[in-house]
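Listed here are the chains, written in short residue letters.
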Amino acid sequence: TAGLILWAVIGYGLGSIPFGMVLARVMGLGNLREIGSGNIGATNVLRTGNKKAAALTLLLDGGKGSVAVLLARVFAGEDAVQLAALMAFVGHCYPVWLGFRGGKGVATFLGILLALAWPVGVACCLTWLVAALISRMSSMAAIMAAALSTGWAIVLGNGAIIILAFVLTLLVFWRHRSNMARIKVGTEPKIGLFR
Ligand code: G3P
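All of the points below concern the structure found in this document. If you're wondering where the values come from, they're calculated on a predicted model, not measured in any experiment.

So, how was this worked out
- Residues numbered from 1 in each chain as written.
- Predicted model: local features only at pLDDT ≥ 70, side-chain atom pairs only at ≥ 80, totals over all residues.
- Heavy atoms only, no water.
- Helix = DSSP H or I, 4+ residues; strand = E, 2+ residues; numbered from the N terminus.
- Buried < 20%, exposed > 50% of the residue type's maximum accessible area, 1.4 Å probe, protein only.
- Contact = heavy atoms within 4.5 Å.
- Phe/Tyr/Trp six-rings, centres within 6.5 Å; stacked < 30°, edge-to-face > 60°.
- Lys NZ or Arg CZ within 6 Å of the ring centre and 35° of its normal.
- Core = buried A, V, L, I, M, F, W, Y, C linked by side-chain atoms within 4.5 Å.
- Axes fitted to C-alpha atoms, helices over the stretch in contact; angles between N-to-C directions.
- Parallel < 35°, antiparallel > 145°, perpendicular 65-115°, else oblique.
- Left-handed = near helix turned anticlockwise from the far one by under 90°.
- Nonpolar A, V, L, I, M, F, W, Y, C, P; charged D, E, K, R; others polar.
- Near = heavy atom within 4 Å.
- Polar contact = N/O pair within 3.5 Å; in protein donor to acceptor, adjacent residues only side chain to side chain.
- Areas by Shrake-Rupley, 256 points an atom, 1.4 Å probe, with all protein chains shown as cover.
- Salt bridge = Lys/Arg side-chain N within 4 Å of Asp/Glu carboxyl O.

### Notes on unusual backbone geometry
- Residues other than glycine seldom take positive phi values, yet Phe100 does so here, at roughly 65 degrees.
- Summarising the element assignment, Phe100 is placed in the loop between α5 (78-93) and α6 (106-116).
- Despite not being glycine, Arg136 shows a phi value in the positive range, around 60 degrees.
- Following the sequence through the fold, Arg136 ends up in the loop between α7 (118-135) and α8 (138-156).
- On the basis of relative accessibility, which here comes to 35%, the residue Arg136 falls in the partly exposed class.

### Let's talk about the environment of Leu164
- With respect to the helices and strands, the residue Leu164 is situated in helix α9 (residues 159-175).
- A residue is classified by how much of its surface remains accessible, and Leu164, at 7% relative accessible area, is buried.
- Sequence-distant contacts of Leu164, defined by excluding residues within four places in its chain, comprise Gln82, Ala85, Leu86, Ile112 and Leu116.

### Quick notes on the packing of aromatic side chains
- Counted by the stated rule, this structure contains 0 aromatic pairs.
- The aromatic ring of Tyr94 is capped on one face by Arg175, whose charged end is 4.6 Å from the ring centroid.
- Sitting over the ring of Trp174, Arg177 keeps its end group 3.7 Å from the ring centre.

### Structural notes on the nonpolar core
- Core analysis: the biggest nonpolar cluster contains 45 residues, and Phe109, Ile112 and Trp128 have the highest contact counts within it.
- Other than its neighbours up to four places away in sequence, Ile112 contacts Gly65, Ser66, Val69, Ala85, Ala88, Phe89, Leu164 and Leu168.

### Topic: the packing of α8 against helix α10 (residues 177-185)
- Relative to each other, α8 and α10 sit at 115 degrees, their axes nearing to 10 Å. Between α8 and α10, the angle falls in the class roughly perpendicular. In this structure, the crossing between α8 and α10 has a hand that is left-handed. The residues of α10 that touch α8, namely those facing Ser139, Met140 and Ile143, are Asn179, Met180 and Ile183.
- In terms of residue class, the contact of α8 with α10 is made up of 4 nonpolar, 2 polar and no charged.

### Concerning the site of the ligand
- What surrounds the ligand is the set Ser37, Asn39, Thr43, Asn44, Arg47, Lys104, Val106, Ser138, Ser139, Ala142, His176 and Asn179.
- One of the side-chain nitrogen or oxygen atoms of Lys104 is found 2.5 Å away from an oxygen atom of the ligand.
- Residue His176 places a side-chain N or O atom 2.8 Å away from an oxygen atom belonging to the ligand.
- Look at the ligand: alone it shows 310 Å² of surface, and the protein chains cover 94% of it.
- Broken down by secondary-structure element, the contributors of at least two residues to the shell around the ligand are α3 (42-46) and α8.
- Of all the elements, α8 adds the most residues to the shell around the ligand, at 3 residues.
- Split by residue class, the shell around the ligand holds 2 nonpolar, 8 polar and 2 charged.

### A word on the environment of Val122
- On the secondary structure map, Val122 appears in helix α7.
- The partly exposed category is assigned to Val122, whose relative accessible area is 35%.
- For the pair formed by Val122 and Leu110, sequence separation is 12 residues and the distance between their alpha carbons is 8.3 Å.

### What about the pattern of salt bridges?
- Overall, the coordinates contain 2 salt bridges when judged by the stated rule.
- One salt bridge in this structure joins Lys64 and Asp61, with 3.1 Å as the shortest N-O distance. With Lys64 and Asp61 both in helix α4 (residues 51-75) and 3 residues apart, this pair spans about one turn of that helix.
- For Asp61, a relative accessible area of 2% corresponds to the buried category.
- For Arg182, the salt bridge identified is with Glu188, shortest N-O distance 2.6 Å.

Quick look at the structure:
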């Protein structure tokens with residue numbers, strides 16, 4: 001169990017790095033809390049108007065999820081992989097450095113799935129893309145990608161990833177409460193990329 005605790009900490013540590021927040025600061029784009037939804041993710045970085053920063057945030061927030069999975073896979077067993085993956089997601093959403101007020105986990109969710117079982121990850125990325133093209137809403141795309149992820153895991157994955165996908169889906173839904181409320185009343189903003 002000491003080993004598992006270590007992997008939980010490593011996963012959380014990686015996940016809790018708020019790349020969007022840091023990049024927005026370093027690149028002089030301002031404080032994400034005062035922009036758009038106030039969220040620290042790539043979608044909100046995009047609202048600063050800097051597409052490069054948004055793409056980089058997406059890549060790094062996804063990458064930290066992948067790295068957590070790959071490190072655990074190389075240096076430990078399958079239990080450690082699942083735990084590191086879950087904790088990377090939790091770290092992104094609840095980072096101690098930001099008073100536990102983190103992001104919504106979508107990029108990290110996709111990065112985790114890509115590293116865990118790439119066909120499932122690719123299917124979820126494509127689901128996000130199709131839903132984004134149709135709805136023009138990042139949150140709607142995230143909700144759809146999460147909603148279908150367990151199904152994709154059943155079709156393209158194996159036992160452990162199915163459970164993890166389901167748990168992460170519930171967490172993604174939970175983190176998109178405010179977005180769902182806005183979607184319901186029709187006030188959720190469309191993404192800049194498609195405007
Ligand atoms: O990745 C988060 C996205 O699904 C929604 O972000 O800033 O529109 O709340 P935001």
